[in-house]
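A structural walkthrough
Single-letter residue listing:
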There are 2 protein chains.
Amino acid sequence: MSVSVQSTVARKPAGKREVTRRRVIDAAAAEFAEHGYHGGSTRGIADRLGMKQGSLYYHFKSKEAALEEVCRVGVGEFADGLEAILHKEQNSTERLRAAVANHLTPLLDKSDYVRVFLFERQHLPRDQRGEVARLSRRYEALLRWMFEDGITADAFPPRLDSGHAVLVFIGACNMVAATYGRPAPEQLDELMDGVADLLLGGLLRR
Amino acid sequence: MSVSVQSTVARKPAGKREVTRRRVIDAAAAEFAEHGYHGGSTRGIADRLGMKQGSLYYHFKSKEAALEEVCRVGVGEFADGLEAILHKEQNSTERLRAAVANHLTPLLDKSDYVRVFLFERQHLPRDQRGEVARLSRRYEALLRWMFEDGITADAFPPRLDSGHAVLVFIGACNMVAATYGRPAPEQLDELMDGVADLLLGGLLRR
DNA sequence: TATTCTATCTATCAATTGATAGAAAATCGG
DNA sequence: CCGATTTTCTATCAATTGATAGATAGAATA
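These numbers were taken from a predicted model, which means no experiment stands behind them. (Residues numbered from 1 in each chain as written. Chains lettered and ligands numbered in written order. Predicted model: local features only at pLDDT ≥ 70, side-chain atom pairs only at ≥ 80, totals over all residues. Heavy atoms only, no water.)

A few points about the overall build of chain A
What chain A contains, in helices and strands, is 10 helices and zero strands. Reading chain A from its N terminus to its C terminus gives the helix and strand order α-α-α-α-α-α-α-α-α-α. With the C-alpha coordinates of chain A rotated into their principal frame, the extents come out at 60 × 40 × 30 Å. Looking at the 206 residues of chain A, the share that counts as buried comes to 49%. Within chain A, contacts between residues at least 6 apart in sequence are counted, and of these 70% link residues at least 24 apart. (Helix = DSSP H or I, 4+ residues; strand = E, 2+ residues; numbered from the N terminus. Buried < 20%, exposed > 50% of the residue type's maximum accessible area, 1.4 Å probe, protein only. Contact = heavy atoms within 4.5 Å.)

Listed below in structure tokens is the structure:
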């Protein structure tokens, strides 16, 4: 996290507006990740910034708008990364390994955002869920396509149900997110390999 | 749900105290499942019962106590059922199938309880999380034992990491819970088979 | 019937919440 | 240094919240 902030500052010393806004959203992500959306308060967010509660409303227009933005960043990681992988990598096995890595990597420096997206997005009002829902549907569609292509390519069995596969894939990855808050990098590598191996090979001895 | 209430009433016409208390906790489970713990209100619970908000406190001493009880019921299903399975069934494959069924079946008639346990237990204060945490640790320990015994029995590969297996198992099952609120029985059967097949056989063609 | 117990209601409380408006301060361009 | 713009602070608001206390009605008991 410190790295990305540092580089942003260094790259554009005058983007002060955007930098502060990012700090505010970071704090909102941390607050919501710790206490949930309804459990977290705007005063809690302000405290994390050494700011006064009322000042926040210069940066976002409502608590809900802040949640929306945190969720959007949280889900944004997934779809774009996966699309790139599907274009670059052609081997089904390697694709899946890369997809697991793509899903788990944000835990390193965007843990709060991802967790808020996973657990708090349901509290977005219908009419504000649009963009977030669109992004997560696209992610699921890309995953489904990956599995179906794997069947076509004869890497996965013809009777594989891609819907179930998507479910198990996302569930397994998210359980890692829920269990390990902000894993150490080596631990994360081991987790990625372990989960990918398990998904690919299954439990039964071959 | 109407069935279980009916039978309870018929079986014990005089257990009025317990029946009402169950109705109250049911309403709390529904409220928390829909809005989350912090998002739900005691007035919301009372409305579901056609009761006045203040009257609830005759049945539980605080909102937190209600959450604790909902979570305890929600997790209670899992461990006991799994222990019975491990005693009865000896074949590792059948054990796993039964374990998946055991995890998913409560979704049919205890959906609210299970979902509250899954998503809201984190909002229990440390000092009240005791019993709930104990039950879920026991469940995880039983699962781990199941996988390790499968390795010993030569059904699962020796290099299988039981910790990862527990993670993937729970994650996959919970994703079903999160995705399908209260599935139709046939749909649930298909989901149980699909998830179990996938966990056992993995993605790769054999 | 008189009395005790059970369950609910009424009314109210202090605390916290998200949000707004206007003053004040800080920053920046010239 | 000045004026303008950007950012933060102060003070306040109405609404909602969980919780409590005492009144009340009905059921059980004696």
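From this point, the narrative continues.
Side note on the protein's contact with DNA strand C
Residues in contact with DNA strand C amount to 17 residues; listed here are only the nearest, A:Tyr57, A:Lys63, B:Lys52, B:Tyr58 and B:His59. The contact atoms of DNA strand C, taken as those within 4 Å of the protein, divide so that sugar and phosphate hold 63%. In the model, a phosphate oxygen of DNA strand C is placed 2.3 Å from a nitrogen or oxygen of the A:Tyr57 side chain. At a separation of 2.8 Å, a phosphate oxygen of DNA strand C approaches a polar side-chain atom of A:Lys63. For the surface near DNA strand C, the per-class residue count stands at three nonpolar, nine polar and five charged. (Near = heavy atom within 4 Å. Polar contact = N/O pair within 3.5 Å; in protein donor to acceptor, adjacent residues only side chain to side chain. Nonpolar A, V, L, I, M, F, W, Y, C, P; charged D, E, K, R; others polar.)

A word on the pattern of salt bridges
Residues and elements named next belong to chain A. Under the defined criterion, the tally for this structure stands at 24 salt bridges over all chains. A salt bridge links Arg182 to Asp112; the nearest nitrogen and oxygen atoms lie 3.7 Å apart. Residue Arg182 is found in the loop between helix H9 (162-179) and helix H10 (185-201), and its partner Asp112 is found in helix H7 (residues 111-120); the two are separated by 70 residues along the sequence. Its relative accessible area of 52% is what places Arg182 among the exposed residues. Across the pair Glu131 and Arg134 runs a salt bridge, and its minimum N-O distance is 3.3 Å. Separated by three residues within a single helix, Glu131 and Arg134 lie in helix H8 (residues 130-152), roughly one turn from each other. Among the residues examined, Glu131 registers a relative accessible area of 34% and is labelled partly exposed. Residue classification places Arg134 among the partly exposed residues on the basis of a relative accessible area of 41%. Linked by salt bridges that have partners in common, Glu31, Glu34 and Arg48 make up one network. (Salt bridge = Lys/Arg side-chain N within 4 Å of Asp/Glu carboxyl O.)

A word on helix H10 (residues 185-201) of chain B
Helix length check: H10(B) (17 residues) gives 24 Å between terminal C-alpha atoms against 24 Å at 1.5 Å per residue, within 8%. Residues of H10(B) that are buried sit in contact with H9 and H10 of chain A together with helix H5 (92-104), helix H6 (106-109) and helix H9 (162-179) of chain B. Where H10(B) terminates, the next one or two residues include B:Gly202, which has phi positive at roughly 75°. (Expected span 1.5 Å × (residues − 1).)

As for the confidence of the model for chain A
Scored by pLDDT, chain A comes out at a mean of 89, with 93% of its residues at no less than 70. Ignoring residues within four places in sequence, the model shows residues 1-14 of chain A, a span with pLDDT below 50, making two contacts including any to other chains. (pLDDT = per-residue confidence, 0-100.)

Description of the environment of B:Leu49
All names here are of chain B. Considering the arrangement of structural elements, one finds Leu49 in helix H3 (residues 42-49). Owing to a relative accessible area of 15%, Leu49 belongs among the buried residues under this scheme. Along the chain, Leu49 and Ala28 lie 21 residues apart, while their C-alpha atoms are 9.7 Å from each other. If near-sequence neighbours (up to four positions away) are discounted, Leu49 is found in contact with Arg23, Val24, Ala27 and Leu56.

Comments concerning the protein's contact with DNA strand D
Taken together, 15 residues sit near DNA strand D, with A:Tyr58, A:His59, B:Gln53, B:Tyr57 and B:Lys63 positioned nearest. Restricting attention to atoms of DNA strand D within 4 Å of the protein, one finds that 60% of them are sugar or phosphate atoms. Considered class by class, the residues forming the surface near DNA strand D number three nonpolar, eight polar and four charged.

Side note on the relation of the copies chain A and chain B
Between chain A and chain B, which share one sequence, the superposing operator has a rotation angle of 180° and an axial displacement of 0.0 Å; the RMSD is 0.1 Å. On the angle and the small slide along the axis, the relation comes out as a two-fold axis. Relative to the rotation axis, the closest C-alpha in chain A is found at A:Gly202, a distance of 1.7 Å. Both copies share a contact surface, since 100% of the interface residues of chain A are interface residues in chain B too. (Least-squares fit on C-alpha atoms with pLDDT ≥ 70 in both.)

Let's talk about the packing of aromatic side chains
Applying the stated rule across the entire model yields 12 aromatic pairs over all chains. With 6.2 Å between their ring centres and 45° between their planes, A:Phe147 and A:Phe156 make a pair best called tilted. Residues A:Phe147 and A:Phe156 agree in their burial class; the two are buried. Relative to B:Tyr37, the ring of B:Phe32 lies with its centre 5.3 Å away and its plane at 70°, an arrangement referred to as edge-to-face. As far as the burial class goes, B:Phe32 and B:Tyr37 line up, both buried. Members of the aromatic cluster, connected to one another through ring pairs, are A:Phe78, A:Phe117 and A:Tyr139. Positioned over the ring face of A:Tyr37 is A:Lys63, at 4.5 Å from the centre of the ring. (Phe/Tyr/Trp six-rings, centres within 6.5 Å; stacked < 30°, edge-to-face > 60°. Lys NZ or Arg CZ within 6 Å of the ring centre and 35° of its normal.)

Regarding the nonpolar core
Core analysis: the biggest nonpolar cluster contains 126 residues, and A:Phe169 and B:Phe169 have the highest contact counts within it. Apart from residues no more than four positions distant in its own chain, B:Phe169 is found in contact with B:Leu96, B:Ala99, B:Val100, B:His103, B:Tyr139, B:Leu143, B:Phe147 and B:Leu199. (Core = buried A, V, L, I, M, F, W, Y, C linked by side-chain atoms within 4.5 Å.)

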